Amino acid sequence: MGVVLIDEAHQVGATTRAETILRAEALRKSFRSGSQEITPLEGIDLSIERGELIAVVGPSGAGKSTLLHLLAALDTPTNGEVYFGAKLLRSLAEVELAEYRNRAVGFVWQRHHLLPDFTAAENVAMPMLVQGQALSTALRVAGDWLAEVGLAGRAGQRAGELSGGEQQRVAIARALVNGPEILLADEPTGDLDERSAEAIFELIQRLHRTHHLTSILATHNLSLAKRTDRVLALEHGKLAPSAEVPAGAAGRAARSAGIGVRTPGERG
Ligand SMILES: Nc1ncnc2c1ncn2[C@@H]1O[C@H](COP(=O)(O)OP(=O)(O)OP(=O)(O)O)[C@@H](O)[C@H]1O
Ligand SMILES: [Mg+2]
């Protein structure tokens, strides 16, 4: 049994009651490759409040991407459940699940999966086109989003010609173009130099605030992680209990980076 890291009932501010937007219950994921079974997630219990900005840390292979994929309904758990508010994802019809993936959640992939031969605007517009929006509308909204992520004037440039940091901005704009409530970003600052990583992190912080998002970032960057509201450390298939510092490499790294454990009510 894992640990619920935050008290669902605790008060945010004087009057607002916390609202759990995402919840994982005894989440387990196994992969079979040949005769071998790999179980990156052994049992995750997790409760995320609307408005939180959370970092998921852990060594490579710890299951950060796997966890984000399960939360986004891009993959299904072997056991356990994910709830979006009161909705149990496993109980949703395919059309409702598609709605959840396309509208409720914005996903930034670990390798951003842009279409290199399409323009920045076409890449950002893609989720709107999937929703059945007219091309002209989608491209106009995409242009606004590109401006918002600092790429005004680059709408017509092929994605493959942009720098790594610029491509990451396009991927973030694409994740947000359908107005999701939740942003899941898988190593959004990976493969970037320190300055670009800082700029992307600040961009996500700003978008998180201005668009009232609930955001979860998987990251190896512990100094950025400790600037979020809460750090979840994945190790050996579990989340490190909130009352303890994790024991292994992630824990040592977290300790040396000054990542402490936040108590309910203590927010960034
Ligand atoms: N589709 C799959 N089939 C088989 N094994 C998989 C699959 N996806 C993930 N795994 C395995 O599950 C484990 C966790 O992978 P995951 O990508 O979630 O780790 P991660 O924490 O995101 O690592 P990184 O920091 O390197 O991105 C790894 O051992 C990986 O090989
Ligand atoms: Mg990963």
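Before reading further, recall that the structure is shown in the block above.
Rules used in this analysis
All chains use their own residue numbering, which begins from 1 and follows the written sequence. Lettering of chains starts at A and numbering of ligands starts at 1, both following the order in which they are written. In keeping with the predicted nature of the model, local features appear solely for residues at pLDDT of at least 70, side-chain atom pairs appear and are counted solely at 80 or more, and the whole-chain, interface and lining totals rest on all residues. Numbered from the N terminus, helices here are DSSP runs of H or I no shorter than four residues, and strands are runs of E no shorter than two. Residue burial is a threshold on neighbouring C-beta atoms within 10 Å of the residue's own C-beta, all placed from the backbone, with 20 or more meaning buried, 12 or fewer meaning exposed, and counts in between meaning partly exposed. Two residues form a contact once the distance between their C-beta atoms, set from the backbone, is within 7 Å. Throughout this description, a residue near a molecule or strand is one whose C-beta atom, derived from the backbone, lies within 6 Å of it. Three classes are used, and their members are as follows: Ala, Val, Leu, Ile, Met, Phe, Trp, Tyr, Cys and Pro are nonpolar, Asp, Glu, Lys and Arg are charged, and the others, Gly among them, are polar. Orientation is described by axes fitted as lines to C-alpha atoms, over the contacting stretch for helices, and by angles from 0 to 180 degrees between their N-to-C directions. Roughly parallel covers angles under 35 degrees, roughly antiparallel covers those over 145, roughly perpendicular covers 65 to 115, and oblique covers all other angles. Handedness of each helix crossing follows the sense of rotation of the near helix against the far helix: counterclockwise by less than a right angle gives left-handed, clockwise gives right-handed. Only when DSSP finds a minimum of two bridges between them are two strands counted as paired. Joining buried Ala, Val, Leu, Ile, Met, Phe, Trp, Tyr and Cys residues through C-beta atoms within 7 Å gives a set, and that set is a nonpolar core.

Student: Help me understand the overall build of the chain, please; the structure alone is not making it clear to me.
Tutor: For the chain, the helix and strand inventory stands at eight helices and 12 strands. Considering the chain as a whole, with its 268 residues, one finds that 41% of them fall into the buried category. When contacts within the chain are restricted to residue pairs at least 6 apart in sequence, long-range pairs at least 24 apart make up 70% of them.

Student: Teacher, can you tell me more about the site of ligand 1 here?
Tutor: In the vicinity of ligand 1 there are 13 residues, among which F31, S60, K64, S65 and T66 approach most closely. Elements represented by at least two residues in the shell around ligand 1 include exactly β3 (20–33), β4 (36–49) and α1 (64–71). Class assignment for the residues of the shell around ligand 1 results in four nonpolar, eight polar and one charged.

Student: Got a minute to help me understand the packing of helix α3 (residues 120–130) against helix α5 (residues 164–176) in this structure?
Tutor: To characterise two packed helices, one gives the angle between the axes of the helices and the distance between these axes. With their axes 7 Å apart at the nearest point, α3 and α5 run at an angle of 30° to one another. Between α3 and α5, the crossing angle belongs to the class labelled roughly parallel. Viewed along their axes, α3 and α5 form a crossing whose handedness is right-handed. Taking contact as the criterion, the partners of A120, N123, V124, M126 and P127 in α3 are, on α5, V170, A173 and R174. Across the contact of α3 with α5, the residue classes break down as six nonpolar, one polar and one charged.

Student: I tried to follow the sheet that holds strand β12 (residues 238–239) on my own but got confused; where do I start?
Tutor: Note: strands within a sheet are paired through backbone hydrogen bonds, in either parallel or antiparallel orientation. Spatial ordering of the open sheet is given by β8-β9-β10-β5-β11-β12, a layout of six strands whose pairing is mixed. Both outer strands of the open sheet, β8 (105–108) and β12, are each paired with one neighbouring strand and no more. Inspection of the sheet shows strand β5 (residues 53–57) paired to strand β10 (residues 214–218) by four bridges, in the parallel sense. The partner of L53 across the bridge, within β10, is S215.

Student: I tried to follow the nonpolar core on my own but got confused; where do I start?
Tutor: Nonpolar side chains tend toward joint burial in soluble globular proteins. Within the largest apolar cluster, 69 residues are counted, with the highest numbers of intra-cluster contacts made by V56, L71, V124, A142, L146, A173 and L184. The greatest single-element share of this core, amounting to six residues, is contributed by α5. If we skip the residues at most four places from it in the chain, A173 touches V124, W145, L146 and V149.

Student: Please explain the sheet that holds strand β6 (residues 79–84) as it appears in this structure.
Tutor: The four strands lie next to each other as β4-β3-β6-β7, forming an open sheet whose pairing is antiparallel. The sheet is open, and its two edges are formed by β4 and β7 (87–88), each paired on a single side. Relative to β4, β3 runs antiparallel, the two sharing nine bridges. Pairing of L27 across the sheet is with I44, part of β4. Here α1 sits on the sheet and contacts β3, β4 and β6; the angle it forms with β3, its principal contact strand, is near 125°.

Student: What's the story with the packing of α3 against helix α4 (residues 135–148) in this structure? I'm lost.
Tutor: Viewed as axis vectors pointing N to C, α3 and α4 meet at an angle of 120°, and their least axial separation amounts to 8 Å. On the basis of the axis angle, α3 is oblique to α4. The handedness of the crossing between α3 and α4 is right-handed. For the pair α3 and α4, contact is made by A120, A121, V124, A125, M128 and L129 and by L135, A138, L139, V141, A142, G143, W145 and L146, respectively.

Student: Help me understand the environment of Y83, please; the structure alone is not making it clear to me.
Tutor: With respect to the helices and strands, Y83 occurs in strand β6. Sequence separation between Y83 and I21 is 62 residues; the distance between their C-alpha atoms is 7.9 Å. When sequence neighbours within four positions are dropped, the list of residues in contact with Y83 reads R23 and L88.

Student: What should I look at first to understand unusual backbone geometry in this one?
Tutor: Peptide bonds are, in most cases, trans, and in most cases residues other than glycine have a negative phi. In this structure, D191 is a non-glycine residue whose phi angle is positive, near 65°. Residue class for D191 comes out partly exposed when judged on the 14 C-beta atoms lying within 10 Å of it.

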